[in-house]
Amino acid sequence: MIFALILGFLLLIIGIYGMLTQKNLIKIVIGFSIVDTGVHIIIVSIGYIRGKTAPIIDASVDIKNAVNAVVDPIPSALVLTAIVIGLAVTALMLSFVIKLYQKNKSLSIDDYQELKW
């Protein structure tokens, strides 16, 4: 799982770099999505325990020994919730980008001076 942890941090760094260095609004939104994916991979890789099964009680998992045989379901549930929230936030950001493009006919962040100091 060390590979997944490294991959998650790599995606996090790439996404932050993309958000901070790009001038195109679409690329900034893509950078945010990459950061979001990196955080999800990090959380899942931290919550994984080698040699344990999914937190589903069935015939393969003894009920008396289930606590010691399954992975903690909380990180997985948090990541599923975070995926849905991240998708909604990405859709909202893209709708803002569409409205900004319709108003100013540009996707460059340098063309938007309204809220700059």
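It should be noted that the structure appears before, not after, this text.
Below you will find a few notes about this structure. All values reported here derive from a predicted model rather than from experimental measurement.

Some points on the packing of helix H1 (residues 2-21) against helix H2 (residues 25-47)
Packing of H1 against H2 leaves a shortest axis separation of 7 Å and a crossing angle of 160°. Accordingly, the angle class assigned to the pair H1 and H2 is roughly antiparallel. Handedness of the H1/H2 crossing: left-handed. Only Ile28, Gly31, Phe32, Ile34, Val35, Thr37, Gly38, Val39, Ile41, Ile42, Ser45 and Ile46 of H2 make contact with H1, whose side of the interface consists of Ala4, Leu5, Leu7, Gly8, Phe9, Leu11, Leu12, Gly15, Ile16 and Met19. Across the contact of H1 with H2, the residue classes break down as 16 nonpolar, six polar and no charged.

Notes on a nonpolar patch on the surface
Taken together, Ile2, Phe3, Ile6, Leu7, Leu10 and Ile14 make up a surface patch of nonpolar side chains, about 620 Å² in accessible area. For Leu10, the position within the fold is in helix H1. The class for Leu10 is partly exposed, based on a relative accessible area of 45%.

Topic: the nonpolar core
Within the largest apolar cluster, five residues are counted, these being Leu25, Ile28, Val29, Val97 and Tyr112. The greatest single-element share of this core, amounting to three residues, is contributed by H2. Beyond its immediate sequence surroundings of up to four residues, Tyr112 is in contact with Leu25, Leu100, Tyr101, Asn104 and Ser106.

Observations regarding the packing of H2 against helix H4 (residues 73-104)
With their axes 10 Å apart at the nearest point, H2 and H4 run at an angle of 180° to one another. Overall, the two elements H2 and H4 adopt an arrangement that is roughly antiparallel. Residues Leu25, Ile26, Val29, Phe32, Ser33, Asp36, His40, Ile43, Val44 and Gly47 of H2 pack against Pro75, Val79, Ala82, Ile83, Gly86, Val89, Thr90, Met93, Leu94, Val97 and Leu100 of H4. Of the residues belonging to the contact of H2 with H4, the class tally is 15 nonpolar, five polar and one charged.

Cut-offs used in this document
Residues numbered from 1 in each chain as written. Predicted model: local features only at pLDDT ≥ 70, side-chain atom pairs only at ≥ 80, totals over all residues. Heavy atoms only, no water. Axes fitted to C-alpha atoms, helices over the stretch in contact; angles between N-to-C directions. Helix = DSSP H or I, 4+ residues; strand = E, 2+ residues; numbered from the N terminus. Parallel < 35°, antiparallel > 145°, perpendicular 65-115°, else oblique. Left-handed = near helix turned anticlockwise from the far one by under 90°. Contact = heavy atoms within 4.5 Å. Nonpolar A, V, L, I, M, F, W, Y, C, P; charged D, E, K, R; others polar. Patch = residues over 30% accessible without salt bridge, like charges linked within 9 Å, V, L, I, M, F, W, Y side chains within 5 Å. Areas by Shrake-Rupley, 256 points an atom, 1.4 Å probe, with all protein chains shown as cover. Salt bridge = Lys/Arg side-chain N within 4 Å of Asp/Glu carboxyl O. Buried < 20%, exposed > 50% of the residue type's maximum accessible area, 1.4 Å probe, protein only. Core = buried A, V, L, I, M, F, W, Y, C linked by side-chain atoms within 4.5 Å.

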